[in-house]
Amino acid sequence: MPNLPDYDWVKIAPLPDAGKELIARNTVARLEVAGKTLYLANYEGSYYAGNARCPHAGGALDKGRLSADGCVVCPLHRFCFNLQSGKEQTVEGFSVPVYPVKQADDGFYIGFPKNKWWFW
């Protein structure tokens, strides 16, 4: 089993009214949280978050679109980043940091990895 990081969970929104979604299905939105500019994506009813800047030329991924296979597509040069892993699908080495999104009884949260310092 992989060693998963601990997360600091930050509330981003209360639960929407019954039958409504946080953002429209199959769309991408901009989100400012914990000093970071992120994209928030609703892909087929599941939520994903990641850094909003493309590492290639700084394109705003929150202005991009979602592909049919679960990627956020940069509006500048059409680089396609997997919503779960953050890896670009065609160019090795390009990726964006992604963050887990969870729904709790009182709203939606994004998890940021806790910084751990190791002293020898």
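My aim in this report is to walk through the structure given alongside it, one point at a time. (Residues numbered from 1 in each chain as written. Predicted model: local features only at pLDDT ≥ 70, side-chain atom pairs only at ≥ 80, totals over all residues. Heavy atoms only, no water.)

### Examining the pairing of strand 3 (residues 36-43)
Most of strand 3 is tucked away: six of the eight residues are buried. Relative to strand 3, strand 2 (residues 27-33) runs antiparallel, the two being bridged by seven bridges. Note that in strand 3 the partner of valine 28 across the bridge is alanine 41. Linkage of strand 2 to strand 3, two consecutive antiparallel strands, is achieved through a turn of two residues, within which alanine 34 is found at a positive phi near 50°. Here strand 3 runs beside strand 4 (residues 46-51); their pairing, made up of six bridges, is antiparallel. Residue pairing across strands places tyrosine 39 opposite glycine 50, the latter belonging to strand 4. With antiparallel pairing between neighbouring strands as the criterion, strand 3 and strand 4 make up a hairpin whose turn holds two residues, including glutamate 44 at a positive phi of roughly 55°. (Buried < 20%, exposed > 50% of the residue type's maximum accessible area, 1.4 Å probe, protein only. Helix = DSSP H or I, 4+ residues; strand = E, 2+ residues; numbered from the N terminus. Pairing = 2+ DSSP bridges.)

### Structural notes on the sheet that holds strand 1 (residues 7-13)
Pairing within the open sheet is antiparallel, and its three strands lie in the order 1-10-9. Of all strands in the sheet, those with a lone pairing partner are strand 1 and strand 9 (101-104), marking the two edges. On average, each strand axis in the sheet is tilted by 35° relative to the strand beside it, whichever way the strands run. For strand 9 and strand 10 (residues 107-113), the ladder comprises four bridges, and the chain directions are antiparallel. Looking at the pairing, alanine 104 lines up with glycine 107 of strand 10. (Axes fitted to C-alpha atoms, helices over the stretch in contact; angles between N-to-C directions.)

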